[in-house]
Amino acid sequence: MIVFDAVSVSYGRETVFKDFSMHIAKGEKAVLAGPSGAGKSTLLHAIMGFVKPASGNISVNGHTVDAEHIREIRKQIAWLPQDISFNVKNNKQLAYLPFTYTANQQLIPAESEMNSTLQALLLPPGILKKNTNEISGGQKQRILLASMLLLKKPVLLLDEPTSALDAESVKALLALIFTHTELTVLSTSHDRLWVENMDRIINLKKIQHT
Ligand SMILES: Nc1ncnc2c1ncn2[C@@H]1O[C@H](COP(=O)(O)OP(=O)(O)OP(=O)(O)O)[C@@H](O)[C@H]1O
């Protein structure tokens, strides 16, 4: 599903990873672990086509990540970045934000489906009646995760999805993603509970620069 074949990525003179290969199968739930600065977010950015490898090949569902295929590839991915802030006032707007984009307008979930997904993430349905400044960071993160799941894309890329979550919420998120057997999930994380529960842990090491 997601294949890296001898991929090297550099920012200027700094090499983040060199000749890196991995193969994430369809339906697999995988996590990129390793120290800060090892290149976990960079790797997700490379899949999205935001960072271009210096060498090697990346493919998603058989399509090479390049100018010709990037639109098709992005259509198959729900991507939740690490630091994210939206200029929206209330939580309902926040929850439905991904569905305001033209490409996703056909995918707007029914209210009942939105509510059951929020509930699965231990959020009360009434939360969508509140403003974004009335909820915690962890509640906001779970609303965004609910939206990402409701996009029903085959691939979910999650950059530190549990950074603001307590253990109960992490367990709820784990239970929810594992009900989606076909869904391929690639995440980055420093969260032990999350990492230990993935199908596969890919450890990235920081390249030492002299
Ligand atoms: N846009 C950029 N321009 C230049 N260097 C960058 C850029 N983004 C990341 N880097 C560098 O690439 C390296 C890998 O960064 P990255 O954010 O991918 O690491 P990470 O493993 O996700 O770290 P963390 O666990 O702290 O989120 C770091 O040395 C970082 O400084």
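Residues numbered from 1 in each chain as written. Predicted model: local features only at pLDDT ≥ 70, side-chain atom pairs only at ≥ 80, totals over all residues. Heavy atoms only, no water.

An unreviewed UniProt entry annotates the protein as ABC transporter ATP-binding protein originating from Haoranjiania flava. Per UniProt, the comment on the protein under Subcellular location (unreviewed entry) is "Cell membrane". (UniProt positions renumbered as here; feature names shortened; annotations may be inferred.)

Draft legend 1. Representation of the overall build of the protein within the structure. Assigned secondary structure in the protein consists of 7 helices and 9 strands. Relative to a compact globule of 210 residues, whose C-alpha radius of gyration would be 17 Å, the protein shows 17 Å and is just as compact. Counting the 210 residues in the protein, one finds 49% classified as buried. Residue pairs in contact within the protein that sit at least 24 positions apart in sequence constitute 68% of those at least 6 positions apart. For the protein, the computed accessible surface area is about 10,800 Å², with 49% contributed by carbon and sulfur atoms. Of the side-chain charges in the protein, 22 are positive and 19 negative, and the distance between the mean point of each set is 4 Å. (Helix = DSSP H or I, 4+ residues; strand = E, 2+ residues; numbered from the N terminus. Rg over C-alpha atoms; globule rule 2.2 N^0.38 Å. Buried < 20%, exposed > 50% of the residue type's maximum accessible area, 1.4 Å probe, protein only. Contact = heavy atoms within 4.5 Å. Areas by Shrake-Rupley, 256 points an atom, 1.4 Å probe, with all protein chains shown as cover. Lys, Arg positive; Asp, Glu negative; His and termini not counted. Charge placed at Lys NZ, Arg CZ, Asp CG, Glu CD.)

Draft legend 2. Expanded view of the sheet that holds strand S1 (residues 2–11). With respect to topology, 4 strands assemble into an open sheet ordered S2-S1-S4-S5, the strand pairing being antiparallel. In the strand order of this sheet, the two ends are held by strand S2 (14–24) and strand S5 (63–64), each with one partner. Where strand S4 (residues 55–60) meets S5, 2 bridges bridge the pair, whose relative direction is antiparallel. Within S5, the residue paired with Ser-59 across the bridge is Thr-64. (Pairing = 2+ DSSP bridges.)

Draft legend 3. Fine view of helix H5 (residues 137–150). For H5, built from 14 residues, the straight-helix expectation of 20 Å at 1.5 Å per residue is met to within 8% by its first-to-last C-alpha distance of 20 Å. Of all 14 residues in H5, 11 are buried, a share of seventy percent or more. Buried residues in H5 make contact with strand S6 (77–80), helix H3 (91–96), helix H4 (111–120), strand S7 (155–159) and helix H6 (167–179). In the segment just after H5, Lys-152 is the residue with positive phi, at about 55°. (Expected span 1.5 Å × (residues − 1).)

Draft legend 4. Representation of the pairing of S2 in the model. Inspection of the sheet shows S1 paired to S2 by 7 bridges, in the antiparallel sense. When the sheet's bridge partners are listed, Tyr-11 is paired in S2 with Glu-14.

Draft legend 5. Spatial organisation of unusual backbone geometry. In this model, Ala-6 sits at a positive phi of 50°, which is unusual for a non-glycine residue. Relative to the helices and strands, Ala-6 is located in strand S1. Judged by its relative accessible area of 29%, Ala-6 is partly exposed. Despite not being glycine, Glu-160 has its phi angle at roughly 50°, a positive value. Following the sequence through the fold, Glu-160 ends up in the loop between S7 and H6.

Draft legend 6. Region of interest: the sheet that holds strand S8 (residues 184–188). Strand order in the open sheet made by the 5 strands is S6-S7-S8-S3-S9, with parallel pairing throughout. Of all the strands in the sheet, just S6 and strand S9 (200–203) have a single pairing partner and so form its edges. Averaged over neighbouring strand pairs, the angle between their axes works out to 15° when direction is ignored. Direction of pairing for strand S3 (residues 29–33) relative to S9: parallel, over a ladder of 4 bridges. The residue of S9 that forms the bridge with Ala-33 is Asn-203. Of the strands in this sheet, S3, S6, S7 and S8 are in contact with helix H1 (residues 40–48), which crosses S7 at around 145°. (Axes fitted to C-alpha atoms, helices over the stretch in contact; angles between N-to-C directions.)

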